[in-house]
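Each chain, letter by letter, is given below.
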Amino acid sequence: MTILCIFAAVGLMLLNTSFAIKNSRNRRDVPSVDIREFEIISNIAFRYAHVSVRSLMMNMKGVNQELVFRVRLPKHAYITSFEIEVNDRIIKALIKERTSANKEYEEAKKDNVTAGLVSQQNVKDDLDIDIFQIKVNVAAHTEIEFRLIYEEFLQRSVGKFTQKLFIDTDHLIRNLDIKCNLKEKERFKTISFKTPFSNKYEIVNVVDESEDDFKVNTIDWKPSEMEQINSNSGINEPFDITYELENEYESGILYTNDAGEFIHFFSVLCNAEKILAKQIVLVIDISGSMSGNPIQQVRVALVSILGQLRSKDYFNIILFNDRISMWKTSFQTVNSSNLDRAKAYMEENIRANGPTNINDALLTAVRLFLTSQIKEQTGQIIVFLSDGSPTVGSTDTKNILNNVRVANYGNNELCCISTIYPIAFGRNADLSFLRSLAYQNAGSLTIIKDIDSNMAENKLMDMYRTVENPYFKSINFSFSARNETISEKNITQTIFVHYDCGEEIVISGRGPGGQIVQPFVRADNEVFLQVESFLLQNEEDSERLSRLVAYHWVRQLLMEAESAVEKEKRDRARKLALDLSLKYGFVTPLTSLVVTDYAKDDTSQKGPGNKKIFC
């Protein structure tokens, strides 16, 4: 009898063979599970990672035993393939629309046929992680191999691209191999990695090796059994890969293929003298749920942020529980006197008590910009930190989103007067609400769940570094081929509120096949024309670009669907995202992997006690 149980999700990456035999390497008894091989190969090209995970396990016991293959994946990674090989048989999963997959799964169970279902399920208190897990009952002294593939886009942040690969196991792995192959058109500026056994990054010697006019580099990590034993606690930290590219082109780089699919990575060489001043308001939740260590960490982090402001910046502070308390009625210049007064204000007033009035706090922040007397061009930023959900005032999050949208958009249909960067602090914050708040107001969401760790301050500072250097406002993209403008219907988002130094704006679309696509970029009335455009000839590169464009469309459509106000727009975005997910085989919130093994089941074995089941 074969019993397979699939519990699913998607999302950094982890193998966790949790068989309650921790530290077996330190004992003389034979381990019940032998992880004979574990391999991760990440092939990154054009910032797009194709990651394959392979694990070969052996049941060392003389009786059947349940083995677990568990993988943590980035929230925005999409599984594209999964299969199991056992007893010379391969069971493959197919990607289908979620409802259809559920139906097929239930029908297979009724027919007493091996069946499994893999869907994307959110980890409630984690913005970045989903979990994929499979439990398989394996016969005595039998090998089983798991093979998983997922795809992930690496977004540049503060000038760097980062990928995290998790192994996470308490078991000794006889053959462990982590390999990353990097391929980019631009020259590599730096490459580094950090193993699970170290707190420091190791610098990779960047080579000038070229492949089809691309720059290529490789990282390969194969820890010995002795290295694993000396780690004492197993492999519980991620394998981190970080790289930077030389910014060689005035307006970034654009790739297109013979099908006309294209993607533009927009970035500029930053001139320190052209960095804009910014108006920034820190909106801080001081309700009762923030009491204890969280409020202390916030106080320390805010002092650190104030210390990073430039002399040409402007700032203000809003504290809120059921009441709204503003430090000043208008933005203040950054100087030593004002900074000292602001720090004293926070020290005296940041005390956690009372309920949470999110609506009025946000509207107060937006009105600061509406009444600002500052005439110069500035970045306009709201940093909003909260650990919970609204409990007084307007408590319907849809109403709050609408109220903020009306105030922050003014008389315009397009976003927005200020960009809002929510920070979800702790495990009780409403992530769905805060994610929509960020998306509708041109910001991004940061989550800090480890409120009892000093990592909170570091995470806040990392978030600040992504907004500290506003460079352009009102960026508008258009694209043409054969001297004809490509319709905006065939292009992802083309209007952006701001651009910060060290970041990268990504736009994708489709034009006429076989033609070089020419971008036209306007920012702050400045026109950029020198964009390097490349027509990809290699079939593998062309296919990767096609999948990257589809991935980028799906991700944008899912965000549009989640934050859409009108039902019609939400339904349309979901329909388009579903069609693309099915076409390109992405496991998203709209699709599932389904396994049904109808092949050659002997009906004589379908009696009681001999059914093949996924549970």
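Residues numbered from 1 in each chain as written. Predicted model: local features only at pLDDT ≥ 70, side-chain atom pairs only at ≥ 80, totals over all residues. Heavy atoms only, no water.

Let us now look at the pairing of strand E30 (residues 505-510). Within E30, five of the six residues are buried, which leaves it mostly tucked inside the rest of the structure. The pairing of strand E19 (residues 261-266) with E30 spans six bridges and is classified as antiparallel. Paired with Phe266 across the bridge in E30 is Ile505. (Buried < 20%, exposed > 50% of the residue type's maximum accessible area, 1.4 Å probe, protein only. Helix = DSSP H or I, 4+ residues; strand = E, 2+ residues; numbered from the N terminus. Pairing = 2+ DSSP bridges.)

A few words now on the sheet that holds strand E16 (residues 214-221). The mixed open sheet is built from eight strands, whose spatial order is E6-E5-E10-E3-E2-E12-E16-E15. Two strands close off the open sheet at either side, each with one partner strand: strand E6 (89-92) and strand E15 (210-211). Across 10 bridges, the pairing between strand E2 (residues 33-45) and strand E12 (residues 173-184) is parallel. From the neighbouring strand, Ser42 faces E12, where its bridge partner is Cys180. Helix-sheet contacts for helix H9 (residues 539-563) involve E2, strand E3 (48-59), strand E5 (78-86), strand E10 (143-153), E12 and E16, and the interaxial angle to E3 is about 95 degrees. (Contact = heavy atoms within 4.5 Å. Axes fitted to C-alpha atoms, helices over the stretch in contact; angles between N-to-C directions.)

On to H9. Helix length check: H9, at 25 residues, gives a terminal C-alpha distance of 37 Å against a target of 36 Å (1.5 Å per residue), a fit within 8%. Counting buried residues along H9, 18 of its 25 residues qualify, which places the element largely inside the surrounding structure. Sitting at the amino-terminal end of H9 is Asn538, which places a side-chain oxygen 2.8 Å from the backbone nitrogen of Glu540. (Expected span 1.5 Å × (residues − 1). Polar contact = N/O pair within 3.5 Å; in protein donor to acceptor, adjacent residues only side chain to side chain.)

The pLDDT averaged across the protein chain works out to 85; a share of 87% of its residues lies at or above 70. A low-confidence stretch, residues 123-127 (pLDDT under 50), is modelled with 19 contacts involving residues beyond four sequence positions or located in other chains. Low pLDDT, under 50, characterises residues 600-615; the predicted model gives this stretch 38 contacts beyond four residues in sequence or across chains. (pLDDT = per-residue confidence, 0-100.)

Another aspect to go through is the sheet that holds E19. With respect to topology, four strands assemble into an open sheet ordered E30-E19-E18-E33, the strand pairing being mixed. Both edges of this open sheet fall to E30 and strand E33 (532-535), since each of them pairs with a single strand only. Each adjacent strand pair in this sheet contributes to an overall mean axis angle of 15 degrees, direction not counted. Sheet analysis places strand E18 (residues 253-256) next to E19, joined by four bridges and oriented antiparallel. Among the inter-strand pairings, Thr256 is bridged to a residue of E19, identified as Phe262.

In this section: the nonpolar core. In this structure, Phe82, Phe132, Ile144, Phe146, Leu148, Ile167 and Tyr243 are the most contacted members of the largest nonpolar core, which totals 52 residues. When neighbours within four sequence positions are excluded, Tyr243 is seen to be in contact with Ile44, Arg47, Leu154, Gly159, Lys160, Phe161, Leu182, Glu184, Phe188, Thr190 and Ile191. Judged by nonpolar contacts, the second largest core, of 35 residues, contains Leu282, Tyr345, Ile381 and Phe425. (Core = buried A, V, L, I, M, F, W, Y, C linked by side-chain atoms within 4.5 Å.)

On inspection of all chains with the given rule, the structure shows 27 salt bridges. For Lys96, the salt bridge goes to Glu104, with nearest N and O atoms at 2.4 Å. Judged by its relative accessible area of 26%, Lys96 is partly exposed. For the salt bridge of Glu248 with Arg187, the shortest nitrogen-to-oxygen distance reads 3.5 Å. In this pair, Glu248 is assigned in the loop between strand E17 (239-245) and E18 and Arg187 in the loop between E12 and strand E13 (188-194), connecting sequence segments 61 residues apart. Here Arg187 falls in the partly exposed class, since its relative accessible area comes to 42%. (Salt bridge = Lys/Arg side-chain N within 4 Å of Asp/Glu carboxyl O.)

Turning next to the packing of aromatic side chains. Following the criterion strictly, the structure yields 28 aromatic pairs and no others. Relative to Phe214, the ring of Phe46 lies with its centre 5.7 Å away and its plane at 55 degrees, an arrangement referred to as tilted. Of the two residues, Phe46 sits in the loop between E2 and E3 while Phe214 sits in strand E16, which places them 168 residues apart along the sequence. Under the relative-accessibility criterion, Phe46 is labelled buried at 0%. Pairing Phe161 with Tyr243 gives two aromatic rings, centres 5.1 Å apart and planes at 25 degrees, and the pair type is stacked. Taken as a pair, Phe161 in strand E11 (residues 161-165) and Tyr243 in strand E17 lie far apart in primary sequence, 82 residues in all. On the basis of relative accessible area, Tyr243 is assigned to the buried category, the value being 1%. Among the aromatic side chains, those forming a connected cluster through ring pairs are Phe262, Phe266, Tyr471, Phe472, Phe477, Phe479, Phe496 and Tyr499. Against the face of Phe214 rests Lys185, its NZ or CZ located 4.1 Å from the ring centre. A cation sits over an aromatic face here: Lys185 above Phe534, 4.4 Å from the ring centre. (Phe/Tyr/Trp six-rings, centres within 6.5 Å; stacked < 30°, edge-to-face > 60°. Lys NZ or Arg CZ within 6 Å of the ring centre and 35° of its normal.)

What follows is about the state of the cysteines. What is meant by a disulfide is a covalent connection between two cysteines, made through their sulfur atoms. Throughout the structure, instances matching the rule amount to two disulfides. Shown here is the disulfide that connects Cys270 with Cys501, its sulfur atoms set 2.4 Å apart. Disulfide Cys270-Cys501: torsion about the S-S bond near -120 degrees, hence left-handed. Residue Cys270 is found in the loop between E19 and strand E20 (277-285), and its partner Cys501 is found in the loop between strand E29 (495-500) and E30; the two are separated by 231 residues along the sequence. On the basis of relative accessibility, which here comes to 36%, the residue Cys270 falls in the partly exposed class. For Cys501, a relative accessible area of 11% translates into the label buried. (Disulfide = S-S within 2.5 Å.)

Let us look at the packing of helix H3 (residues 293-308) against helix H8 (residues 455-465). Pairs of packed helices are described in terms of their axes, by the angle between the two and the distance that separates them. In the contact formed by H3 and H8, the axes pass within 9 Å of each other and the chain directions differ by 35 degrees. H8 is crossed by H3, and the crossing has right-handed handedness. Together, Gln297, Val300, Ala301, Ser304, Ile305 and Gln308 of H3 and Ala456, Glu457, Leu460, Met461 and Tyr464 of H8 make up the contact between the two elements. Classifying every residue of the contact of H3 with H8 gives seven nonpolar, three polar and one charged. (Left-handed = near helix turned anticlockwise from the far one by under 90°. Nonpolar A, V, L, I, M, F, W, Y, C, P; charged D, E, K, R; others polar.)

Let's shift gears to unusual backbone geometry. In this structure, Cys416 follows Cys415 across a cis peptide bond, with omega equal to -10 degrees. Mapping Cys416 onto the fold places it in the loop between helix H6 (397-409) and strand E25 (419-425). Positive phi, normally seen in glycine, also occurs at His141, with a value near 55 degrees. With respect to the helices and strands, the residue His141 is situated in the loop between strand E9 (129-138) and E10. A positive phi angle, close to 55 degrees, is found at Ser474, a residue other than glycine. For Ser474, the position within the fold is in strand E27 (residues 470-481).

This next bit is on the packing of H6 against helix H7 (residues 431-440). One way to put it is that H6 packs onto H7 with a least axis distance of 11 Å and a crossing angle of 15 degrees. The angle between H6 and H7 places the two elements in the roughly parallel class. Here the hand of the crossing between H6 and H7 comes out right-handed. Residue-level inspection shows Thr397, Ile400, Leu401, Val404, Arg405 and Tyr409 of H6 in contact with H7, the latter providing Phe433, Ser436, Leu437 and Gln440. The class makeup of the residues in the contact of H6 with H7 is six nonpolar, three polar and one charged. (Parallel < 35°, antiparallel > 145°, perpendicular 65-115°, else oblique.)

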